[in-house]
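Working through the structure, step by step
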Amino acid sequence: MVATLPEHSVRSRRTRPALIDCDFHNELDSIKDLYPYLAKRWQTHIETFGLQRPTGGYFPRFMDHREDARPPSGRRSGSEVAFSRSDFLDPYNVAHAMLIPLTSAAGVTNLDLGAALASAVNDWQVAEWLDPEPRLRASLAVAPEDPIAAAKEVERCGRDTRFVQVFMPGRTHEPLGRRKYWPIYEAAAKHGLHIMSHAFGSYGYPITGAGQASFYVEEHVGPAQAAQANVISLVTEGVFEQFPKLKFVSVENGFGWIPSLMWRMDATYQLYKDEVPHLKRLPSEYIREHVYMTTQPVEEPHKPQQFVQMLEHFGDMVNNILFASDYPHWDSDDPDFALPTNLSDEVVQAIHYDNAKRLYNL
Amino acid sequence: MIEAQAAGVGASATRPALVDSDVHCEVPRVDALFPYLPDYWIEHIQQTLFKGPVDSYYPSKVSMAAGADGKRFDGVLPASSLKEIQDAVLDPSGASHAILNCLYAIDSLNNPDAAVAMARAVNDWLIAEWLEKDDRLRASMVVPVQLPTLAAREIERVGDYPGIVQVLLPVRTNQPLGNRNFHPLWSAIERKNLVAGVHFGGAPITPPTPTGWPSYYFEVYAGMAQVFATQLTNIVTEGVFDQFPGVKVAFLESGWTWIPSHMWRFDKEWKNLRRLVPWVNRAPSEYIREHVRVAIQPLDAPDQNPQHLLDVFDQLGSEEMLLYSSVYPRPQVGDPEESFLRHLPASAASKIRCENARALYGL
């Protein structure tokens, strides 16, 4: 580790415009951080059996966290609210940040353990993140493969308005629109919560629609395709007809794919609408109204002008793009360098602040 | 940026030269293959429940016919006779050549001996009943993709036949096509100087999404672009183009408007993670532009502004990638001439209509 950390304080907080970060990770240093919120029975279970998940998702890869974001205590990066505050929230003038706790709650195969972990994660978030830091909002952890239990957890925590969205993994066991998950969406809609799906998490099927990949590079490009499968499913199953106020936030899946996906889905609708009579509008209309996506990882065309061109293809959907840092992960974005420099101030302001403020009623 | 050309540029009096890179042909009934099957399998088909591949990459009865005239074929499987292809595709379009793709679901056959026998029969049928009868036709040979070494053996058997220009690989597979298990197949493709034609469809047991099985064909169709994207990631990442530098891949019925944003993300992740795959020594987009060709239908075009499609074409960064295709007899949305080609500079349009395909398939 380096002896001295870089000085963030050179950045002028007073003149810096406010930022809303829609992918800010609160991390466990170890699963034991949750023990104060877990019944003894589950602590013993974890010590005995571990956190059993579907197999087959392991690749050689390097670090998952930024070393320069590690607290002086030596605990895992992102695992101490005080350090994350001084290291990121303060220097970047973050007005609000959406906590996304990447834990095993959604991924363990034992559904009772998953439900217990989800409750523990939510209690931990309230006590150790939301209470000490008022700028934070949280994603409500659930174990989605038991949707009835998950809906109960939404009921249990959903009245705390600091929870703003229900956290679904990037790769559920069935596409996100399937009816299996509707009890979760019903509970979310009742409490005015959005549905958020973060890349990675809860495997069980290969990252491709054609069998398992060989390299972590593929696992790291693939969430863009998984997210599209989920958007296709949510629209096609009629989730947005059934829950007309529900919003879907896609996190860490990129966003450059949205125009071509809308074009393709509208073409598909012309060919096969007879199969989906429950849809009353063009797929692109549902997407424009209901689907939001966060920036990191930002697609990087070789020619910066093509980024502007891409946003022209978004049209009004530019207002559905939300800034995300992914702090403190290895591939996280510095807010000052995430977007190309040739965007207008209005677009940057919309992505950095206005769009999230409107979506989350901040 | 590409400026849209003035109307009328593409509408010259003489018909432009054309190569159709994706025309389907169907096995009309399984007994059409009997002349090419060993007795063992003929008896099976006659005496047991086994009737050859029954899975289909498309819904069986929906809008099978091209255009509005849905009753034209009246009970006969569309694209199953040479005369129909001549009357409906070759003669009206004036195409100098068309590449036939027979989407018989060999990949759905779990019995390896059945898969090999059916693949051999289809290839012999393609040669005898299509290629030998019209010199405008070229064909993709079929292989049991699920058995890569046996697929390579079939390429050795028929890959030298002059009308065979491509090996047809369904995009949905049980393992991604770049996987080392497939390297004998890529080696055979390169050795015989064939194109790897990765086509819409496939009938493996693996679900078509990374989150399991969707409910509707609608989703399978729309989502097939993502299966192509992950295959593209895999083929480049595994080093197929490094190990087999002569290989070209044609994506057929994949759509192409998804490709620029995929290349942007893929290049970025390669920069991040290339130490994991050190043999990939150039940006993935460079490999893609050099080795991958893409049929233009489905267009997946924006409906409100034709300039957007020209933008996406420009973003591909190559005029050599796209191949004209009719995808006969599958229904398509939009007219590639009307909404795309006629807006292009004449030289780019001509590359897409014929020159790229001639270079790719050696026509």
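What counts, and at which threshold
- Residues numbered from 1 in each chain as written.
- Chains lettered and ligands numbered in written order.
- Predicted model: local features only at pLDDT ≥ 70, side-chain atom pairs only at ≥ 80, totals over all residues.
- Heavy atoms only, no water.
- Helix = DSSP H or I, 4+ residues; strand = E, 2+ residues; numbered from the N terminus.
- Rg over C-alpha atoms; globule rule 2.2 N^0.38 Å.
- Buried < 20%, exposed > 50% of the residue type's maximum accessible area, 1.4 Å probe, protein only.
- Contact = heavy atoms within 4.5 Å.
- Buried area = accessible area lost by both parts, 1.4 Å probe.
- Salt bridge = Lys/Arg side-chain N within 4 Å of Asp/Glu carboxyl O.
- Nonpolar A, V, L, I, M, F, W, Y, C, P; charged D, E, K, R; others polar.
- Pairing = 2+ DSSP bridges.
- Right-handed = clockwise from strand over helix to strand, strands pointing away.
- Axes fitted to C-alpha atoms, helices over the stretch in contact; angles between N-to-C directions.

This part is about the overall build of chain A. When you go through chain A residue by residue, the secondary structure sums to 12 helices and 8 strands. In terms of overall size, chain A behaves like a compact globule, its C-alpha atoms giving a radius of gyration of 20 Å where 362 residues would be expected to give roughly 21 Å. Principal-axis analysis of the C-alpha atoms places the extent of chain A at approximately 60 × 50 × 45 Å. Looking at the 362 residues of chain A, the share that counts as buried comes to 61%. Restricting to contacts in chain A with at least 6 residues of sequence separation, those with at least 24 account for 82%.

The next point concerns the interface of chain B and chain A. Reports often express the size of an interface as the amount of accessible area lost when the parts come together. Listed as interface residues are 75 residues of chain B and, on the opposing side, 70 residues of chain A. Contact between chain B and chain A buries roughly 6,100 Å² in total, counting both sides, with carbon and sulfur atoms accounting for 62%. Connecting chain B to chain A are 3 salt bridges. Where Asp300(B) meets Arg264(A), a salt bridge forms, and the shortest distance between an N and an O atom there is 2.7 Å. Those elements that place two or more of their residues in the side of chain B that touches chain A are α6 (217-237), α8 (259-273) and α10 (306-316) of chain B. The greatest single-element share of the side of chain B that touches chain A, amounting to 16 residues, is contributed by α6(B). Residues belonging to the side of chain B that touches chain A are distributed by class as follows: 33 nonpolar, 28 polar and 14 charged.

This next bit is on the sheet that holds strand β8 (residues 321-322) of chain A. All names here are of chain A. In space, the 8 strands of this open sheet follow the order β1-β2-β3-β4-β5-β6-β7-β8, with parallel pairing throughout. Two strands bound the open sheet, and with one partner strand each, they are β1 (19-24) and β8. Judged from the 4 bridges that link them, strand β3 (residues 136-141) and strand β4 (residues 163-169) form a sheet pairing that is parallel. Along β4, the bridge assignment pairs Ala-141 with Phe-167.

To continue, consider unusual backbone geometry. In the segment running from Gln297(B) into Pro298(B), the intervening peptide bond is cis, with an omega of 0°. Residues Tyr328(B) and Pro329(B) are joined by a peptide bond in cis, for which omega reads 5°. Tracing the backbone shows Pro329(B) in the loop between β8 (322-323) and α11 (336-339). Of note in this structure, Glu252(A) is not a glycine but carries a positive phi near 65°. Take Glu252(A): it is sitting in the loop between β6 (248-251) and α9 (258-272). In this structure Glu252(A) comes out as buried when scored by relative accessible area, which is 3%. The phi angle at Ala79(B) is positive, at roughly 65°, despite the residue not being glycine.

Take the environment of Lys190(A) next. Along the chain, Lys190(A) falls in helix α5 (residues 182-190). It is 38 Å that separates the C-alpha atoms of Lys190(A) and Arg70(A), two residues lying 120 residues apart in sequence.

What follows covers the pairing of strand β7 (residues 291-294) of chain A. All names here are of chain A. Here β7 shows two buried faces, one formed by Val-291 and Met-293 and the other by Tyr-292 and Thr-294. The sheet contact formed by β6 and β7 spans 3 bridges and is parallel. Residue pairing for β7: Phe-248 is matched across the bridge by Val-291. Pairing of β7 with β8, which is carried by 2 bridges, proceeds in the parallel orientation. Looking across to β8, one finds that Thr-294 is bridged to Leu-322. Of the crossover connections in this fold, the one passing from β7 over helix α11 (residues 304-314) to the parallel β8 is right-handed.

Now for the sheet that holds strand β4 (residues 164-170) of chain B. Residue and element names in this part refer to chain B. The strand order across the open sheet formed by 8 strands is β1-β2-β3-β4-β5-β6-β7-β8, and the pairing between neighbours is parallel. A strand with exactly one partner marks an edge of an open sheet, and here the two such strands are β1 (19-24) and β8. Sheet topology note: the β1/strand β2 (residues 97-101) ladder contains 4 bridges and is parallel. Pairing of Asp-20 across the sheet is with Ala-98, part of β2. Each of β1, β2 and β3 (137-142) touches helix α2 (residues 82-93); the most contacted strand, β1, lies at about 135° to it. Sitting on the sheet, helix α5 (residues 183-191) is in contact with β4, β5 (195-199) and β6 (249-252), with an inclination near 125° to β5.

Take it as geometry only, folks, not as evidence of what the structure does.
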